[in-house]
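Now for the letters of each chain:
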Amino acid sequence: MASMHTQELKFKIAVLVVVAVISGYVLWYFILPLALRYEKLDMFSDYYWVVNSKDEIRQLVISFKNNGTQDLTITEVWINGFLINSTDWGGYFGAAIQSSLTNTFYVAPRDLIFESSQTYNFTVVTSSRNCYTFTLQVDENNTRNEKVKISECHFYHIPPLSGEPVIGIQVEDLGGTDVIVKEVWIDDAFYSVEPRLWLHTFYSSAGIQMNFPWREGETYTVKIKTVAGSTAEITATAD
C-alpha cells in the first residue's frame with residue numbers, strides 16, 4: 001500500500017513538474033515578449049528649420065530614436081492640427097524606425113511657410129495608432145540656409161555606346177543642411193526624383209541619372225529643385 005501511494009505521489013510530482021516547465025516556457029517565450037513590447041519615440045538630437053534660396057523657411061529636419069522594444073512605423077504627420085500630405089515628408093531610411101535605432105525625417109509642406117519666432121505643434125502617428133507630440137520653435141539659433149548647386153553634367157549611354165542615352169547630374173550641398181532633391185527639369189522635360197536624392201551635411205555630393213534623348217553637340221539646361229524650394233541650374237553641351 002505504501003508503495004502504491006509513493007508511486008502516485010511521484011506521478012503527481014512529475015505531472016506538476018511537466019506543467020510547470022510548459023507554463024514557464026509559454027510565459028517566457030510567448031506571454032512576456034508580448035507584454036514587454038512597446039513603442040517609445042523620442043527626439044534624438046536638435047531639430048532645425050531650412051531657409052531656401054528664396055529666403056523662405058520651408059522645411060523641418062528632425063531626428064527620432066525608437067527607445068521602445070518593438071519596431072515602429074510613422075504613418076501620419078500633423079502640424080498645428082493639419083494633416084501633412086504623405087508626399088511632403090519622409091525619412092532617410094523610410095518611415096520605419098527599428099528598436100534602439102534612429103532615423104532622420106524631413107517635413108516640407110507645399111502650402112506652408114514657417115515663420116520666425118513662431119511655435120508649432122508637431123505630432124506624428126505610428127501604425128499602432130500611438131501619437132507623439134512635440135513643441136517646436138523657430139528661432140535664429142535653429143534655422144539654417146540651404147545652398148545647393150549642380151557641379152557638372154555628364155552625357156553617356158547605359159550600357160556604354162549601345163545603350164539608352166543618359167544624363168548624369170552631379171549635385172553638391174554647399175551649406176550646413178540636409179539637402180533633398182525632388183525634381184529635375186532638362187529643358188522642358190520634367191522628372192520626379194524617386195527615391196529622393198538625400199545629401200547629408202557629412203556626405204555632400206551625389207549624382208542623379210536621368211534617361212534623356214540627348215544629341216551630341218546640342219546644349220541643354222538642367223535644373224533641380226529641393227523639397228525646401230531651392231533651385232539650381234546648369235547649361236551643358238553634350239559631347
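Scroll up for the structure.
Residues numbered from 1 in each chain as written. Predicted model: local features only at pLDDT ≥ 70, side-chain atom pairs only at ≥ 80, totals over all residues. Heavy atoms only, no water.

Asks: Can you break down the pattern of salt bridges residue by residue, with the values?
Replies: Inspection of every chain in the model, using the stated rule, returns five salt bridges. For the salt bridge of R58 with E56, the shortest nitrogen-to-oxygen distance reads 3.5 Å. The class for E56 is partly exposed, based on a relative accessible area of 22%. A salt bridge links E194 to R196; its shortest N-O distance comes to 2.7 Å. You can call E194 exposed: its relative accessible area is 58%. (Salt bridge = Lys/Arg side-chain N within 4 Å of Asp/Glu carboxyl O. Buried < 20%, exposed > 50% of the residue type's maximum accessible area, 1.4 Å probe, protein only.)

Asks: So what's going on with the environment of S53? Residues and values would help.
Replies: With respect to the secondary-structure elements, S53 resides in the loop between β2 (48-51) and β3 (57-66). Judged by relative accessible area, which is 48%, S53 ranks as partly exposed. Counting along the chain gives 93 residues from S53 to E146, while the straight-line C-alpha distance between them is 6.8 Å. Discounting chain neighbours no more than four positions away, the residues touching S53 are G229, S230 and T231. (Helix = DSSP H or I, 4+ residues; strand = E, 2+ residues; numbered from the N terminus. Contact = heavy atoms within 4.5 Å.)

Asks: Describe the pairing of strand β13 (residues 179-186), with residues and values.
Replies: For β13, the tally of buried residues reaches seven of eight residues, placing the bulk of the element in the interior. In the sheet, β13 pairs with strand β14 (residues 189-199) via seven bridges, with the strands oriented antiparallel. Note that in β14 the partner of V184 across the bridge is Y191. Counting the residues that bridge the hairpin from β13 to β14 gives two residues, and of these D187 lies at a positive phi of roughly 55 degrees. (Pairing = 2+ DSSP bridges.)

Asks: Requested: an account of the environment of D71, with residues and values cited.
Replies: Within the secondary structure, D71 is located in the loop between β3 and β4 (72-79). For the pair D71 and L101, spaced 30 residues apart in sequence, the C-alpha to C-alpha distance is 9.1 Å. Once residues lying within four places of it in the same chain are set aside, the contact partners of D71 are E39, N66, I97, Q98 and S99. One polar contact links the side chain of D71 to the main-chain amide nitrogen of S99, over a distance of 2.9 Å. (Polar contact = N/O pair within 3.5 Å; in protein donor to acceptor, adjacent residues only side chain to side chain.)

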